[in-house]
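Structural description and commentary
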Amino acid sequence: MLITMDNSETFMTEVVSNDPKMIWKECLRLIKESVPYITYSTWFLPIKPLQLTEHTLKIQVPNNFFIEWIDEHYNTLINKTIKQIIGVDAKLAYVISEESELPEIELKREEPVLSAMANSNGNTATKKPTPVKEEKPDFESYLNPRYTFDNYVKGEGNQLARAAAIAVGENPGETSFNPLFIYGGVGLGKTHLIQAIGNKILDNYPNKRVIYLSSDVFTVEFVEAIQSNTANEFSNFYKSMDALIIDDIQFLVNKEKTQDLFFHIFNTLHQSGKQIVLSSDKPPKDLKGLNERLISRFQWGLTADVQPPDFETRIAILKKKSENYGISLSPDILEYIAINITSNIRELEGCLIKLLANSSLTSKEINLELAKKTVKEIATDRKVNISIEYITKVVCEYMNVDENKVREKNRKQEVVMARQIAMYLSKKLTKSSLKTIGLHFGGRDHSTVIHAFNSIEEMVDEDSTLRETVEAIKNKIELSVA
Ligand code: ADP
Ligand code: MG
């Protein structure tokens with residue numbers, strides 16, 4: 001089977017080589033930076049580049065399940081990547097090894113660049129088809145149709161949040177849950193829940209203006225709007241929504257200008273009875289570095305938390321998800337996974353996907369032995385997947401420090417601080433030795449790393465603002481590799 005993806009966007013760089021292997025290697029490099037390692041190793045590493053003709057890169061994937069999965073989850077990422085590497089007309093053709101004689105199918109999809117940013121969880125940004133076509137809003141909602149209430153498993157840890165979300169989805173702007181503020185740790189279902197609200201609203205009212213984005217994307221867009229003198233349009237666009245859904249609002253911390261603007265948008269929407277939905281890693285009152293007036297507004301409606309799932313909920317989630325993939329797992333496998341993977345739902349799901357992939361790649365049936373092997377792999381992946389480069393990148397972005405300076409001999413206070421935090425987190429979150437960590441920071445020796453580690457550890461004990469910062473950066477890193 002040959003499936004072609006169409007692209008019609010601008011590109012950033014063009015690689016002159018026409019060796020498919022080289023090109024795919026470049027693509028893999030970019031993809032690796034954008035997805036968790038589990039995803040990368042499960043779905044991208046097994047792909048074989050075959051041929052490059054004109055602008056079409058032909059790749060071979062092991063089976064049909066593979067292509068469906070990749071297309072549903074990573075269409076945006078792949079399109080963006082091949083455009084970057086091959087150029088504006090880049091197309092990707094999949095060849096499924098067992099079925100190479102079947103006719104071609106064309107997949108056409110709009111791929112706004114923003115969708116890749118809006119959906120840091122690897123979502124595609126396909127919008128729901130709406131019954132009343134001509135009145136459909138003329139913008140992308142960035143909602144992933146995969147996130148619905150139907151496939152959101154109810155559990156003790158999410159009872160209130162889920163009930164409130166359903167109420168808001170049914171009657172946006174008309175409940176007292178405005179804003180609805182959902183908070184909790186990584187991978188516990190916040191994004192799923194708040195996107196389900198958006199999808200529900202559009203199901204019931206296809207013409208309502210609903211938009212989902214993360215506060216990171218909001219900030220980036222705002223900065224761009226200022227640079228291009230379109231800040232007013234930017235603000236009016238968001239003020240025109242019937243429902244504004246912003247994920248990971250904690251990233252607005254310390255971004256005063258963006259907070260100011262958001263404050264005005266919030267007021268306009270709230271006064272006109274429009275729905276606001278927010279998620280965060282912590283409750284409003286703990287968002288240090290966020291303007292008091294925003295904190296108080298965030299508490300006007302309902303604040304609900306999501307807690308890690310208990311054993312029964314973990315089993316229920318595994319059951320539901322495996323059914324969605326069309327398989328049924330025996331009780332001993334379900335139990336084994338639920339006992340061993342406890343921290344969050346994303347990891348639970350990651351384990352299931354890896355199990356499926358392990359079985360589909362090796363043509364082995366899913367049994368307890370394979371489940372044990374997979375759980376073990378996940379446990380080792382956890383640490384191996386976080387690279388020192390990635391930690392440095394996130395730290396520098398968060399602290400607004402030039403990454404290169406951190407690796408040079410720069411002694412400016414903010415650079416030293418960023419360097420020390422990056423070293424500290426590298427020690428905490430990776431398995432790298434002190435020596436290796438030192439090498440990544442311009443060849444500093446291990447005693448410098450120990451010194452950095454100890455001083456940050458001491459400082460976070462005494463300075464709550466710093467503690468919050470380090471915690472937020474750590475969450476951000478873990479969020480992307482969970
Ligand atoms: P968060 O935004 O809190 O980090 P996500 O919403 O991204 O977490 O959830 C991580 C993964 O787990 C998603 O794929 C989501 O669909 C799934 N998930 C989370 N909670 C549930 C639930 N209660 N039922 C079914 N799937 C869930
Ligand atoms: Mg999320």
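Residues numbered from 1 in each chain as written. Chains lettered and ligands numbered in written order. Predicted model: local features only at pLDDT ≥ 70, side-chain atom pairs only at ≥ 80, totals over all residues. Heavy atoms only, no water.

Here the focus is the overall build of the protein. Of the regular secondary structure elements, the protein holds 20 helices and ten strands. Per-residue burial over the protein gives 51% buried out of 482 residues. Within the protein, contacts between residues at least 6 apart in sequence are counted, and of these 76% link residues at least 24 apart. Counting only carbon and sulfur atoms, one obtains 49% of the accessible surface of the protein, whose full area is about 22300 Å². (Helix = DSSP H or I, 4+ residues; strand = E, 2+ residues; numbered from the N terminus. Buried < 20%, exposed > 50% of the residue type's maximum accessible area, 1.4 Å probe, protein only. Contact = heavy atoms within 4.5 Å. Areas by Shrake-Rupley, 256 points an atom, 1.4 Å probe, with all protein chains shown as cover.)

To continue, consider the nonpolar core. If you look at the biggest cluster of nonpolar residues, it comprises 54 residues, and the most contacted ones within it are Phe218, Leu244, Ile249, Phe262 and Phe298. With residues near it in sequence (within four places) discarded, Phe262 still touches Phe218, Leu244, Ile246, Ile249, Leu252, Leu278, Leu294 and Phe298. Residues Val35, Ile47, Val61 and Ala357 belong to the second largest nonpolar core, which totals 31 residues. (Core = buried A, V, L, I, M, F, W, Y, C linked by side-chain atoms within 4.5 Å.)

Residues of the protein with pLDDT of at least 70 account for 86%, and the chain-wide mean is 84. Scored below 50 in pLDDT, residues 1-15 makes 69 contacts in the model with residues more than four places away or belonging to other chains. Predicted confidence for residues 99-134 stays below pLDDT 50, and this span has 90 contacts to residues more than four positions away or in other chains. (pLDDT = per-residue confidence, 0-100.)

With that out of the way, let us pick up the packing of aromatic side chains. Counted according to the given criterion, the structure contains 14 aromatic pairs. Residues Phe234 and Tyr238 carry aromatic rings whose centres are separated by 5.0 Å and whose planes lie at 70° to one another, so their mutual orientation is edge-to-face. One end of the pair is Phe234 and the other is Tyr238, both in helix H8 (residues 231-239) and four residues apart, which spans about a single turn. Assessed through its relative accessible area of 7%, Phe234 is described here as buried. Of the residues examined, Tyr238 reaches a relative accessible area of 1% and is grouped as buried. Among the aromatic residues, those joined into a cluster by ring pairs are Phe139, Phe181, Phe218, Phe222, Phe234, Phe237, Tyr238, Phe262, Phe266, Phe298 and Trp300. Directly above the ring of Tyr205 sits Lys208, whose terminal nitrogen or CZ lies 5.0 Å from the centroid. The lysine or arginine in question, Lys476, covers the ring of Phe251, its NZ or CZ lying 4.3 Å from the ring centre. (Phe/Tyr/Trp six-rings, centres within 6.5 Å; stacked < 30°, edge-to-face > 60°. Lys NZ or Arg CZ within 6 Å of the ring centre and 35° of its normal.)

One way to put it is that helix H15 (residues 388-399) packs onto helix H17 (residues 413-429) with a least axis distance of 9 Å and a crossing angle of 140°. Looking at the two axes, H15 sits oblique to H17. When the axes of H15 and H17 are compared, the crossing they make is right-handed. For the pair H15 and H17, the contacting residues are Ile388, Ile391, Thr392, Val395 and Met399 in the first and Met417, Ala418, Ile421, Ala422, Leu425, Ser426 and Leu429 in the second. Residues belonging to the contact of H15 with H17 are distributed by class as follows: ten nonpolar, two polar and no charged. (Axes fitted to C-alpha atoms, helices over the stretch in contact; angles between N-to-C directions. Parallel < 35°, antiparallel > 145°, perpendicular 65-115°, else oblique. Left-handed = near helix turned anticlockwise from the far one by under 90°. Nonpolar A, V, L, I, M, F, W, Y, C, P; charged D, E, K, R; others polar.)

A grouping of Glu457, Glu458, Asp461, Glu462 and Asp463 is seen on the molecular surface, where their side chains present a negatively charged patch. For Glu458, a relative accessible area of 53% gives the class exposed. (Patch = residues over 30% accessible without salt bridge, like charges linked within 9 Å, V, L, I, M, F, W, Y side chains within 5 Å. Salt bridge = Lys/Arg side-chain N within 4 Å of Asp/Glu carboxyl O. Lys, Arg positive; Asp, Glu negative; His and termini not counted. Charge placed at Lys NZ, Arg CZ, Asp CG, Glu CD.)

Within the secondary structure, Gln275 is located in strand E9 (residues 275-280). With a relative accessible area of 0%, Gln275 lands in the buried category. Of note is the side chain of Gln275, whose polar atom sits 2.7 Å from the backbone nitrogen of Gly173. Reaching out from Gln275, the side chain makes a polar contact with the backbone oxygen of Phe177 at a distance of 3.0 Å. With near-sequence residues (within four places) excluded, Gln275 lies in contact with Val168, Pro172, Gly173, Phe177, Asn178, Leu180, Asp242, Ala243 and Leu244. (Polar contact = N/O pair within 3.5 Å; in protein donor to acceptor, adjacent residues only side chain to side chain.)

Below, the discussion takes up the site of ligand 1. By nearness alone, 19 residues border ligand 1, and Val153, Gly187, Thr191, His192 and Glu349 come closest of all. In the model, an oxygen atom of ligand 1 is placed 2.7 Å from a nitrogen or oxygen of the Gly187 main chain. Between ligand 1 and the protein, one listed contact pairs an oxygen atom with a backbone N or O atom of Gly189 at 3.0 Å. Computed on the free molecule, ligand 1 has an accessible area of 550 Å², of which 98% lies beneath the protein chains in the complex. Of all the secondary structure elements, the ones that give two or more residues to the shell around ligand 1 are helix H6 (190-204) and helix H13 (345-362). (Near = heavy atom within 4 Å.)

With that out of the way, let us pick up the sheet that holds strand E10 (residues 302-306). In space, the five strands of this open sheet follow the order E7-E8-E9-E6-E10, with parallel pairing throughout. In this open sheet, the two strands that pair with only one neighbour each are strand E7 (210-214) and E10. Pairwise comparison of adjacent strand axes, ignoring direction, gives a mean angle of 15° for this sheet. Pairing analysis gives five bridges linking E7 to strand E8 (residues 243-247), with the strands arranged parallel. Bridge pairing in E8 places Tyr212 opposite Ile245. The strands touched by helix H5 (residues 159-170) are strand E6 (180-184), E9 and E10; relative to E10, the strand with the most contacts, the crossing angle is about 130°. (Pairing = 2+ DSSP bridges.)

With that settled, consider the pairing of E7. Working note: regular strand, side chains alternate between the two faces of the sheet. Of all five residues making up E7, five are buried, and the element is well covered by its neighbours. What you see with E7 is no split at all: Val210, Tyr212 and Ser214 on one side and Ile211 and Leu213 on the other are buried throughout.

What the rule picks out here adds up to 13 salt bridges. For Lys476, the salt bridge goes to Asp216, with nearest N and O atoms at 3.3 Å. Residue Lys476 is located in helix H20 (residues 464-481), and its partner Asp216 is located in helix H7 (residues 215-227); the two are separated by 260 residues in the primary sequence. Here Lys476 falls in the buried class, since its relative accessible area comes to 16%. Each member of the salt-bridge network shares a partner with another, and the members are Arg146, Lys321 and Glu349.

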